[in-house]
Amino acid sequence: MKKAPFHLSLPCLSISKTKEFYVHLLGAHLGRFASHWLDIDLFGNQITFTKAGEFNFVFKTYKFENSMLPAFHFGVILDKVTWEKCYQRIAESEVKLTEKTLFLENKSGEHTSFFVQDPNGHTIEFKCFSEQEEMFKV
């Protein structure tokens, strides 16, 4: 299957706080926008945030190796240099993030991740594979 950017549409509580988080903190690019929605270019993928007021995603966590992870999250897979820059930028801010965690150590698909919540409560995973070609390897 040919690689293609994805589109994701999510509700948000505040357009201005969402823009601040994605554009100014994460370094994403602002696309089209209006007073009640905005498009974010997050590493070539389009995320549309629409002001929706209060919303509730009831979700459970799951255990992966020794970590409890949120079942509802989205993320990006980055090269090591970009991943480290993102981690540093967020770690130096006032936004809370998880520690770097190594998963599947010495196994196919070994990767390091960290998680952060945006101002709307959406959890974002930043993932970096030790060997990029093992992303889908069984």
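Check the entry above for the structure.
Counting restarts for each chain, with residues numbered from 1 along the sequence as it is written. Confidence filtering applies because this is a predicted model: local features only for residues at pLDDT of at least 70, side-chain atom pairs given and counted only at 80 or more, and all residues used for totals across whole chains, interfaces and linings. As a rule here, side-chain values come from all non-hydrogen atoms in the structure, and water together with hydrogens is ignored.

Asks: Kindly report on the overall build of the protein, identifying the contributing residues and their values.
Replies: The helix and strand tally for the protein stands at two helices and 10 strands. Helices and strands in the protein line up, N terminus first, as β-α-β-β-β-β-β-β-α-β-β-β. In this treatment the radius of gyration is a C-alpha quantity, and the globule benchmark scales as 2.2 Å times the residue count to the 0.38 power. Over its C-alpha trace the protein gives a radius of gyration of 15 Å, about what one expects of a compact globule, namely 14 Å for 138 residues. By its C-alpha atoms, the protein is 50 × 35 × 30 Å across when sized along the principal axes. Out of the 138 residues belonging to the protein, those deemed buried represent 36%. Contacts are assigned to residue pairs that have any heavy atoms within 4.5 Å of one another. For the protein, the share of sequence-separated contacts (at least 6 apart) that also reach a separation of at least 24 residues comes to 53%. The charge count includes Lys and Arg as positive and Asp and Glu as negative, but it does not include His or the ends of the chains. The atoms used to mark charge sites are NZ of Lys, CZ of Arg, CG of Asp and CD of Glu. The positive charge centre, built from 16 side chains, and the negative charge centre, built from 17, are 4 Å apart in the protein. Helix numbering and strand numbering both begin at the N terminus, where a helix is a DSSP run of H or I of at least 4 residues and a strand a DSSP run of E of at least 2. Throughout this description, buried means an accessible area under 20% of the type-specific maximum (1.4 Å probe, protein chains only), exposed means over 50%, and partly exposed covers the range between.

Asks: Give a detailed account of the pattern of salt bridges, specifying residues and quantitative values.
Replies: Whenever Lys or Arg places a side-chain nitrogen within 4 Å of a carboxyl oxygen from Asp or Glu, that contact is recorded as a salt bridge. Applying the stated criterion across every chain yields a total of three salt bridges. One salt bridge connects Arg32 with Asp39, and the closest N-O pair in it is separated by 3.1 Å.

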